[in-house]
Amino acid sequence: MAGVDRQLTLRFLAEPADVNFGGKVHGGAVMKWIDLAAYASAAGWSGKYCITVYAGGIRFVKPIHVGSIVEVTGKIIYTGTSSMHVAIDVKAGDPKYSERHLTTHCIVIMVAVDDEGKPTGVPEWIPQTEDDVRLRDSALRLMDMRKRIGAEMEAHVKPIVE
Ligand SMILES: CC(=O)SCCNC(=O)CCNC(=O)[C@H](O)C(C)(C)COP(=O)(O)OP(=O)(O)OC[C@H]1O[C@@H](n2cnc3c(N)ncnc32)[C@H](O)[C@@H]1OP(=O)(O)O
(Lines give C-alpha, C1' and ligand atoms only; values in the text may rest on other atoms or scores of the structure.)
Protein backbone atom coordinates (compact mmCIF):
# COMPACT_ATOMS: atom_id res chain seq x y z
CA MET A 1 0.00 0.00 0.00
CA ALA A 2 1.35 3.46 -0.96
CA GLY A 3 2.66 5.78 1.77
CA VAL A 4 3.35 2.99 4.26
CA ASP A 5 6.75 1.33 3.72
CA ARG A 6 9.39 3.97 3.94
CA GLN A 7 12.42 1.65 3.91
CA LEU A 8 13.45 -1.54 2.15
CA THR A 9 16.56 -3.66 1.78
CA LEU A 10 17.70 -5.72 -1.22
CA ARG A 11 19.93 -8.70 -0.25
CA PHE A 12 22.05 -10.82 -2.58
CA LEU A 13 25.57 -12.19 -3.09
CA ALA A 14 28.30 -10.33 -5.00
CA GLU A 15 29.00 -12.61 -7.98
CA PRO A 16 32.17 -13.09 -10.09
CA ALA A 17 30.48 -11.18 -12.97
CA ASP A 18 30.39 -8.06 -10.72
CA VAL A 19 34.16 -7.97 -10.18
CA ASN A 20 36.70 -5.60 -11.76
CA PHE A 21 40.31 -6.32 -12.83
CA GLY A 22 41.48 -5.69 -9.27
CA GLY A 23 39.26 -8.47 -7.89
CA LYS A 24 36.74 -6.21 -6.14
CA VAL A 25 33.16 -5.36 -7.13
CA HIS A 26 33.31 -2.54 -9.68
CA GLY A 27 31.69 0.83 -9.03
CA GLY A 28 29.29 0.49 -11.96
CA ALA A 29 27.78 -2.68 -10.44
CA VAL A 30 27.31 -0.90 -7.11
CA MET A 31 25.65 2.05 -8.86
CA LYS A 32 23.25 -0.30 -10.63
CA TRP A 33 22.28 -1.89 -7.29
CA ILE A 34 21.78 1.61 -5.83
CA ASP A 35 19.46 2.53 -8.72
CA LEU A 36 17.47 -0.69 -8.24
CA ALA A 37 17.04 -0.08 -4.49
CA ALA A 38 16.09 3.57 -5.09
CA TYR A 39 13.49 2.50 -7.66
CA ALA A 40 12.03 -0.19 -5.37
CA SER A 41 11.90 2.26 -2.42
CA ALA A 42 10.22 5.01 -4.45
CA ALA A 43 7.79 2.71 -6.27
CA GLY A 44 6.86 1.12 -2.92
CA TRP A 45 6.29 4.48 -1.24
CA SER A 46 4.35 6.09 -4.11
CA GLY A 47 2.60 3.05 -5.56
CA LYS A 48 3.60 4.43 -8.98
CA TYR A 49 6.21 3.94 -11.68
CA CYS A 50 9.24 6.10 -10.91
CA ILE A 51 12.34 7.33 -12.72
CA THR A 52 15.72 8.55 -11.51
CA VAL A 53 16.18 12.30 -11.84
CA TYR A 54 19.31 12.75 -9.76
CA ALA A 55 22.00 10.68 -7.99
CA GLY A 56 24.71 12.36 -6.03
CA GLY A 57 27.04 12.47 -3.09
CA ILE A 58 28.19 8.94 -3.83
CA ARG A 59 30.97 7.86 -1.50
CA PHE A 60 32.73 4.55 -1.92
CA VAL A 61 33.86 3.91 1.65
CA LYS A 62 35.17 0.35 1.41
CA PRO A 63 35.52 -2.25 -1.36
CA ILE A 64 33.14 -5.21 -1.70
CA HIS A 65 34.69 -8.64 -2.22
CA VAL A 66 33.23 -11.30 -4.47
CA GLY A 67 31.14 -13.77 -2.45
CA SER A 68 30.10 -11.11 0.08
CA ILE A 69 26.49 -10.78 1.04
CA VAL A 70 25.38 -7.30 -0.01
CA GLU A 71 22.55 -5.33 1.60
CA VAL A 72 21.33 -2.22 -0.23
CA THR A 73 18.93 -0.19 1.91
CA GLY A 74 16.81 2.64 0.54
CA LYS A 75 15.08 5.03 2.94
CA ILE A 76 12.76 7.92 2.05
CA ILE A 77 14.08 11.07 3.74
CA TYR A 78 12.04 13.73 1.95
CA THR A 79 9.05 13.96 -0.37
CA GLY A 80 8.14 16.89 -2.61
CA THR A 81 5.17 17.05 -4.96
CA SER A 82 6.35 14.30 -7.32
CA SER A 83 9.86 13.62 -6.03
CA MET A 84 11.17 11.29 -3.35
CA HIS A 85 14.65 11.70 -1.90
CA VAL A 86 16.06 8.29 -1.05
CA ALA A 87 19.13 7.81 1.18
CA ILE A 88 20.96 4.67 0.13
CA ASP A 89 23.39 2.66 2.29
CA VAL A 90 25.25 -0.29 0.83
CA LYS A 91 26.59 -2.73 3.42
CA ALA A 92 28.50 -5.96 2.86
CA GLY A 93 30.09 -8.78 4.80
CA ASP A 94 30.98 -12.44 4.88
CA PRO A 95 27.71 -14.44 4.66
CA LYS A 96 29.05 -16.90 7.28
CA TYR A 97 28.90 -14.14 9.90
CA SER A 98 26.32 -11.53 10.86
CA GLU A 99 28.70 -8.55 10.77
CA ARG A 100 28.17 -6.04 7.91
CA HIS A 101 30.15 -2.88 7.17
CA LEU A 102 29.19 0.25 5.26
CA THR A 103 30.74 0.25 1.76
CA THR A 104 28.86 3.00 -0.09
CA HIS A 105 26.43 5.81 0.64
CA CYS A 106 24.56 8.24 -1.60
CA ILE A 107 21.32 10.12 -2.20
CA VAL A 108 19.05 9.36 -5.15
CA ILE A 109 16.06 11.46 -6.18
CA MET A 110 13.25 9.58 -7.88
CA VAL A 111 10.20 11.12 -9.56
CA ALA A 112 6.84 9.36 -9.89
CA VAL A 113 5.48 9.62 -13.44
CA ASP A 114 2.10 8.93 -15.03
CA ASP A 115 1.37 6.95 -18.21
CA GLU A 116 2.56 9.90 -20.32
CA GLY A 117 5.85 10.14 -18.42
CA LYS A 118 4.79 13.37 -16.67
CA PRO A 119 5.60 13.95 -12.98
CA THR A 120 2.68 12.99 -10.75
CA GLY A 121 1.93 13.41 -7.03
CA VAL A 122 3.27 11.14 -4.30
CA PRO A 123 2.10 10.60 -0.70
CA GLU A 124 3.78 13.01 1.72
CA TRP A 125 6.33 11.48 4.08
CA ILE A 126 6.18 13.14 7.51
CA PRO A 127 9.22 12.78 9.80
CA GLN A 128 8.36 10.87 12.98
CA THR A 129 11.56 10.93 15.02
CA GLU A 130 14.38 13.36 15.77
CA ASP A 131 16.57 11.39 13.38
CA ASP A 132 13.91 11.69 10.66
CA VAL A 133 13.84 15.48 11.15
CA ARG A 134 17.65 15.60 10.96
CA LEU A 135 17.59 13.64 7.67
CA ARG A 136 14.73 15.71 6.22
CA ASP A 137 16.51 18.98 7.12
CA SER A 138 19.72 17.68 5.55
CA ALA A 139 17.77 16.80 2.36
CA LEU A 140 16.44 20.39 2.26
CA ARG A 141 19.94 21.84 2.69
CA LEU A 142 21.27 19.52 -0.04
CA MET A 143 18.50 20.75 -2.39
CA ASP A 144 19.73 24.27 -1.85
CA MET A 145 23.38 23.27 -2.42
CA ARG A 146 22.44 21.38 -5.61
CA LYS A 147 20.85 24.50 -7.07
CA ARG A 148 24.21 26.26 -6.71
CA ILE A 149 26.14 23.27 -8.12
CA GLY A 150 23.64 23.09 -11.02
CA ALA A 151 24.27 26.74 -11.87
CA GLU A 152 28.04 26.12 -11.82
CA MET A 153 27.67 22.98 -14.00
CA GLU A 154 26.00 25.06 -16.74
CA ALA A 155 29.52 26.08 -17.81
CA HIS A 156 30.23 22.39 -18.65
CA VAL A 157 27.04 21.75 -20.63
CA LYS A 158 27.81 22.71 -24.24
CA PRO A 159 24.96 23.03 -26.75
CA ILE A 160 25.14 20.45 -29.57
CA VAL A 161 25.99 22.14 -32.87
CA GLU A 162 24.62 20.11 -35.82
C1 LIG B 1 19.12 10.16 -18.62
C2 LIG B 1 18.88 8.82 -18.04
O3 LIG B 1 18.72 7.81 -18.65
S4 LIG B 1 18.88 8.81 -16.33
C5 LIG B 1 18.05 7.35 -15.87
C6 LIG B 1 16.59 7.36 -16.12
N7 LIG B 1 16.00 8.64 -15.84
C8 LIG B 1 15.42 9.34 -16.79
O9 LIG B 1 15.34 8.98 -17.96
C10 LIG B 1 14.83 10.65 -16.35
C11 LIG B 1 15.09 11.74 -17.38
N12 LIG B 1 14.43 12.98 -16.91
C13 LIG B 1 13.15 13.28 -17.20
O14 LIG B 1 12.48 12.59 -17.95
C15 LIG B 1 12.60 14.54 -16.58
O16 LIG B 1 13.67 15.29 -15.99
C17 LIG B 1 11.54 14.24 -15.48
C18 LIG B 1 10.26 13.71 -16.11
C19 LIG B 1 12.05 13.27 -14.42
C20 LIG B 1 11.20 15.55 -14.72
O21 LIG B 1 10.84 16.47 -15.69
P22 LIG B 1 10.91 18.02 -15.32
O23 LIG B 1 10.48 18.77 -16.52
O24 LIG B 1 12.20 18.35 -14.67
O25 LIG B 1 9.73 18.11 -14.28
P26 LIG B 1 9.58 19.11 -13.09
O27 LIG B 1 10.34 20.37 -13.31
O28 LIG B 1 8.09 19.19 -12.83
O29 LIG B 1 10.27 18.35 -11.87
C30 LIG B 1 9.68 17.20 -11.32
C31 LIG B 1 10.34 16.95 -9.98
O32 LIG B 1 11.70 16.58 -10.22
C33 LIG B 1 12.54 17.40 -9.41
N34 LIG B 1 13.78 17.62 -10.15
C35 LIG B 1 13.91 17.97 -11.44
N36 LIG B 1 15.22 18.09 -11.75
C37 LIG B 1 15.91 17.81 -10.63
C38 LIG B 1 17.30 17.76 -10.30
N39 LIG B 1 18.26 18.03 -11.19
N40 LIG B 1 17.65 17.43 -9.05
C41 LIG B 1 16.71 17.15 -8.12
N42 LIG B 1 15.37 17.17 -8.36
C43 LIG B 1 15.00 17.51 -9.60
C44 LIG B 1 11.78 18.70 -9.24
O45 LIG B 1 12.23 19.38 -8.08
C46 LIG B 1 10.36 18.18 -9.09
O47 LIG B 1 10.15 17.73 -7.76
P48 LIG B 1 8.74 18.05 -6.99
O49 LIG B 1 7.62 17.66 -7.92
O50 LIG B 1 8.79 17.16 -5.79
O51 LIG B 1 8.75 19.50 -6.68
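For the structure, check the block above.
The text that follows walks through the structure, step by step, so that each part is easy to find. Remember, predicted model here, so these are calculated numbers, not experimental data.

Notes on the overall build of the protein
For step 1, the next point in the chain: Within the protein, the regular secondary structure consists of two helices and five strands.
For step 2, the next point in the chain: Tracing the protein from N to C terminus, the helices and strands come up as β-α-β-β-β-β-α.
For step 3, the next point in the chain: Dimensions of the protein along its principal axes, counting C-alpha atoms only, are 50 × 45 × 35 Å.
For step 4, the next point in the chain: The buried share of the protein, taken over its 162 residues, is 35%.
For step 5, the next point in the chain: Surface exposure of the protein reaches about 10,000 Å², of which carbon and sulfur atoms provide 57%.

A look at the nonpolar core
For step 1, the next point in the chain: W33, I64, M84, I88 and V90 are the most contacted members of the largest nonpolar core, which has 26 residues in total.
For step 2, the next point in the chain: Mapped by element, the contributors of at least two residues to this core are α1 (27-46), β3 (69-79), β4 (83-93) and β5 (101-112).
For step 3, the next point in the chain: Once you skip the residues sitting within four places of it in the chain, W33 turns out to touch L10, F12, A14, D18, V25, I64, V70 and V72.
For step 4, the next point in the chain: Among the nonpolar cores identified, the runner-up in size contains six residues, and I77, I107, L135 and A139 belong to it.

As for the site of the ligand
For step 1, the next point in the chain: Lining the immediate surroundings of the ligand are I51, T52, V53, Y54, G80, T81, S82, S83, I109, V111, G117 and P119.
For step 2, the next point in the chain: Measuring from an oxygen atom of the ligand, one finds a side-chain N or O atom of S82 at 2.7 Å.
For step 3, the next point in the chain: Protein contacts shield 41% of the accessible area of the ligand, which totals 980 Å² for the unbound molecule.
For step 4, the next point in the chain: Considering every element that reaches the shell around the ligand, the biggest residue donor is strand β2 (residues 50-60), with four residues.
For step 5, the next point in the chain: Tallied by class, the residues present in the shell around the ligand amount to six nonpolar, six polar and no charged.

Quick look at the packing of aromatic side chains
For step 1, the next point in the chain: Following the criterion strictly, the structure yields two aromatic pairs and no others.
For step 2, the next point in the chain: When the centroid spacing of 4.8 Å and the interplanar angle of 65° are considered together, the rings of F12 and W33 count as edge-to-face. On the criterion of sequence distance, the pair formed by F12 in strand β1 (residues 7-13) and W33 in helix α1 is long-range, its members being 21 residues apart.
For step 3, the next point in the chain: By relative accessible area, F12 is classed as partly exposed at 23%.
For step 4, the next point in the chain: With a centroid separation of 5.8 Å and an interplanar angle of 55°, the aromatic rings of Y39 and Y49 are classed as tilted. Note that Y39 is positioned in helix α1 and Y49 in the loop between α1 and β2, a separation of ten residues in sequence.
For step 5, the next point in the chain: The class of Y39 is partly exposed, set by a relative accessible area of 33%.

Some remarks on the pattern of salt bridges
For step 1, the next point in the chain: Scanning all chains against the criterion turns up seven salt bridges.
For step 2, the next point in the chain: Ionic pairing is found between E71 and R100, a salt bridge with its closest N-O pair at 3.2 Å. With E71 in strand β3 and R100 in the loop between β4 and β5, this residue pair connects regions lying 29 residues apart in the sequence.
For step 3, the next point in the chain: Note on E71: relative accessible area 15%, which makes it buried.
For step 4, the next point in the chain: A salt bridge links D137 to R136, with the shortest nitrogen-to-oxygen separation between them at 2.8 Å.
For step 5, the next point in the chain: D137 gets classed as partly exposed once you look at its relative accessible area, which sits at 28%.
For step 6, the next point in the chain: By sharing partners, the salt bridges in this structure join R11, E71 and R100 into a single network.

Observations regarding the sheet that holds β2
For step 1, the next point in the chain: Strand order in the open sheet made by the five strands is β1-β3-β4-β5-β2, with antiparallel pairing throughout. One side of each edge strand has no neighbouring strand; the edge strands of this open sheet are β1 and β2. On average, adjacent strands in this sheet sit at an angle of 20° to one another, irrespective of strand direction.
For step 2, the next point in the chain: Across ten bridges, β3 lies against β4 in antiparallel orientation. When the bridges of β4 are listed, T79 appears paired with M84.

Definitions and cut-offs
Residues numbered from 1 in each chain as written. Predicted model: local features only at pLDDT ≥ 70, side-chain atom pairs only at ≥ 80, totals over all residues. Heavy atoms only, no water. Helix = DSSP H or I, 4+ residues; strand = E, 2+ residues; numbered from the N terminus. Buried < 20%, exposed > 50% of the residue type's maximum accessible area, 1.4 Å probe, protein only. Areas by Shrake-Rupley, 256 points an atom, 1.4 Å probe, with all protein chains shown as cover. Core = buried A, V, L, I, M, F, W, Y, C linked by side-chain atoms within 4.5 Å. Contact = heavy atoms within 4.5 Å. Near = heavy atom within 4 Å. Polar contact = N/O pair within 3.5 Å; in protein donor to acceptor, adjacent residues only side chain to side chain. Nonpolar A, V, L, I, M, F, W, Y, C, P; charged D, E, K, R; others polar. Phe/Tyr/Trp six-rings, centres within 6.5 Å; stacked < 30°, edge-to-face > 60°. Salt bridge = Lys/Arg side-chain N within 4 Å of Asp/Glu carboxyl O. Pairing = 2+ DSSP bridges. Axes fitted to C-alpha atoms, helices over the stretch in contact; angles between N-to-C directions.

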